[in-house]
Amino acid sequence: MSLTLENQLAGGGELSLAEQAYQHLRDRLIMLEIRPGEAINDGKLAAELGIGRTPVREALKRLESDHLVVSYPRRGTFATAVDITALADVSEIRESLEPLAARRAAKLATPAMRSELRSTAGAIAGIDPAGDPYDLMRYDIKVHRLIYRAAANPHLEDVLIRYDNLATRIWCMVLEKVPSVVEHIAEHVELLETIADGDSDQAGKLALEHVTSFEQAIRSVL
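First things first, this report covers the structure right here in the doc. A quick note: this is a predicted structure, and the numbers were derived from the prediction, not measured. (Residues numbered from 1 in each chain as written. Predicted model: local features only at pLDDT ≥ 70, side-chain atom pairs only at ≥ 80, totals over all residues. Heavy atoms only, no water.)

1. Brief notes about the overall build of the chain
- Assigned secondary structure in the chain consists of nine helices and three strands.
- For the chain, the sequential pattern of α-helices and β-strands runs α-β-α-α-β-β-α-α-α-α-α-α.
- Compactness check: the chain gives a C-alpha radius of gyration of 18 Å against a globular reference of 17 Å for 222 residues, within 12% of the reference.
- Across its three principal directions, the C-alpha atoms of the chain cover 50 × 45 × 35 Å. (Helix = DSSP H or I, 4+ residues; strand = E, 2+ residues; numbered from the N terminus. Rg over C-alpha atoms; globule rule 2.2 N^0.38 Å.)

See the structure below:
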């Protein structure tokens, strides 16, 4: 799969090759398409993506700060292990910040963003319950990033994306054991519609319930 400048920022600008590589590798890492502990060869990745090694190396440096890869002198770079024991710490942070993002999004989302929130809610309401659970998880990622963007605070968005990525890796580790993936994704419908309606208090409440149910679902299969 090659990267092209057709990849666009939400605001319509072109992504740099390093940013394209970063987003592509980040999403493969959080969905465990690159398995925990797997060696990462920058030359091979550059060839697969159709770009030079320099943007791939820049992407890997950022991914290391995200705790998604780790580099060792003379050994190379590897996908980090998924630390199930970090669930409580990750959840604690998300329980504080996810409701904040939802409340801000309900107050500050633009009309265009509210339309996108409603459209995404409609798409989720119509998903096939028997669909691939990994495809369903991609909806989860999309929803959270959409809410973070609607919250209109780039620093909050950056922090929440990092912790949602770590939470998603934990979820993907036990995905085939969790019976309630569809229910987890379906929770987003009411949340998105509430944010689009501008009900900040209810949006914060639903966001907290969503994060709490995520942790409960994971613990039920550990």
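2. Looking at the pattern of salt bridges
- Under the defined criterion, the tally for this structure stands at 15 salt bridges.
- Among the salt bridges present, the one from Arg94 reaches Asp164, with a minimum N-O distance of 3.2 Å. A residue pair is termed long-range when its members are at least 10 positions apart, and Arg94 in helix H4 (residues 87–108) and Asp164 in helix H7 (residues 154–173) qualify at 70 residues.
- By relative accessible area, which is 2% here, Asp164 ends up buried. (Salt bridge = Lys/Arg side-chain N within 4 Å of Asp/Glu carboxyl O. Buried < 20%, exposed > 50% of the residue type's maximum accessible area, 1.4 Å probe, protein only.)

3. A closer look at the environment of Lys107
- Here Lys107 lies in helix H4.
- Exposure remark for Lys107: the relative accessible area of 58% places this residue in the exposed category.
- For Lys107 and Ser200, which are 93 residues apart along the polypeptide, the C-alpha to C-alpha distance reads 6.3 Å.
- Ignoring any residue separated from it by four or fewer positions in sequence, one finds Lys107 in contact with Arg114 and Ser200. (Contact = heavy atoms within 4.5 Å.)

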